[in-house]
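# Examining the three-dimensional arrangement
Residue strings, one per chain:
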Amino acid sequence: MQNDLLTVEEITLGDLKEIFRLSAKMKKERGIAMDKPLAGKSVGMIFSKSSTRTRVSFEVGIRELGGFSIFLDQNDLQLGRGESIPDTARVLSRYLHAVVIRTFKHEDVVEFAKFANIPIINALTDLYHPCQILTDLFTIYEYSERLEGIKIAYIGDCACNTANSLILAAKLSGMNLVLSSPKKYRPSKDLMENHNIGKGTVTWEEDPYKAVKKADYIYTDVWVSMGFEEEAKKRKRALKPYSVTQDLVNEAPSSVKIMHCLPAHRGEEITDEVMDSHASIVFDQAENRLHVQKAILSMLLKDE
Ligand code: CP
Ligand code: NVA
């Protein structure tokens, strides 16, 4: 595995296999016989956006691996008063063994990683959410025991961070991803056409009812991602036909599973009926964040 986890693009199939192996082990052995690969290590968590799952699962995971976490709101740091990203990265590298960052601009995390000499983990930017999507791959693997050839239909805002990471993940793992949205929120042309890191296929389909045909999994995310609140009214109007309702789910095979990274805006991108149905695996996804991130941390900090 490379030194940092900034995007799914840095992950090889070999890394993915090892992440799955370790995640399953962490899950099975939780609270029984756990290794402490982070013993004596401190991990900083710089968050400039809200978080429930990512913050709590990382903090609990770091502690369970024997390490110590320090939560740092961007405004608590001199970063909030104009100290540069390179200087902050250089200084924090002298105290910490890794930094987990959630922020707006993806380039800021890239710049931080460039000047840090410790592992940097992207915990969500406007562009990517790799920890979420690697977890989702593990969750799909738990249910289907394979990834290659699995069809996943992503419905909603296809230009957001989870969609972007899912495009890369589908290509890497050999899944067949169909994204469905209005034209205005269609997936990035560059991500669709380039970044060919594996055998998976990625297509866009404007009609959500066509997109979910033969799907093994239906995935959705909020229509208004953090940082896009000013566009809320416009987005909700345009994306309304892309709500994951029972009517839409009925177009897929009866074995289809429903995924959402959460938090959900019930009644918008997903209905209560679908979210609370037997097909929904959204809370398995949330739980697996803990196991998968512990696997990632132990891999990144192995030789530190
Ligand atoms: N899915 C996810 O990243 O959730 P949080 O925003 O609560 O961390
Ligand atoms: N696309 C969402 C994901 C939240 C975990 C957002 O960025 O707000």
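Our subject is the structure that appears above.
Residues numbered from 1 in each chain as written. Chains lettered and ligands numbered in written order. Predicted model: local features only at pLDDT ≥ 70, side-chain atom pairs only at ≥ 80, totals over all residues. Heavy atoms only, no water.

Around ligand 2, the neighbouring residues are L124, N161, D221, V222, S225, M226 and L262. N161 is positioned with one of its side-chain polar atoms (N or O) 2.8 Å from a nitrogen atom of ligand 2. A distance of 2.8 Å is found between an oxygen atom of ligand 2 and a backbone nitrogen or oxygen belonging to M226. Residue composition of the shell around ligand 2, grouped by class: four nonpolar, two polar and one charged. (Near = heavy atom within 4 Å. Polar contact = N/O pair within 3.5 Å; in protein donor to acceptor, adjacent residues only side chain to side chain. Nonpolar A, V, L, I, M, F, W, Y, C, P; charged D, E, K, R; others polar.)

Below, the discussion takes up the pairing of strand 7 (residues 201–204). Here strand 7 shows a clear split, with V202 and W204 buried on one side and none of T201 and T203 buried on the other. The pairing of strand 6 (residues 176–180) with strand 7 spans four bridges and is parallel. Counted as the bridge partner of V178 is T203 from strand 7. (Buried < 20%, exposed > 50% of the residue type's maximum accessible area, 1.4 Å probe, protein only. Helix = DSSP H or I, 4+ residues; strand = E, 2+ residues; numbered from the N terminus. Pairing = 2+ DSSP bridges.)

As a further point, take the side chain of S23. As for its position among the elements, S23 is in helix 1 (residues 13–29). If we ignore the near neighbours within four places in the chain, the residues touching S23 are F138, H291, V292 and A295. (Contact = heavy atoms within 4.5 Å.)

All right, on to the sheet that holds strand 8 (residues 217–220) then. Reading across the sheet, the five strands line up as 7-6-5-8-9 and stay open at both edges, with parallel pairing between neighbours. Each edge of the open sheet carries a strand with a single partner, namely strand 7 and strand 9 (257–260). On average, each strand axis in the sheet is tilted by 20° relative to the strand beside it, whichever way the strands run. Taken together, the four bridges between strand 5 (residues 151–155) and strand 8 define a ladder with parallel strand orientation. By the bridge assignment, A153 is partnered in strand 8 with I218. Contacts between helix 6 (residues 161–173) and the sheet are confined to strand 5, strand 6, strand 7 and strand 8, with strand 6 contributing the most and set at about 155° to the helix. Relative to strand 9, helix 12 (residues 282–300) is tilted by about 50°, and along the sheet it contacts strand 8 and strand 9. (Axes fitted to C-alpha atoms, helices over the stretch in contact; angles between N-to-C directions.)

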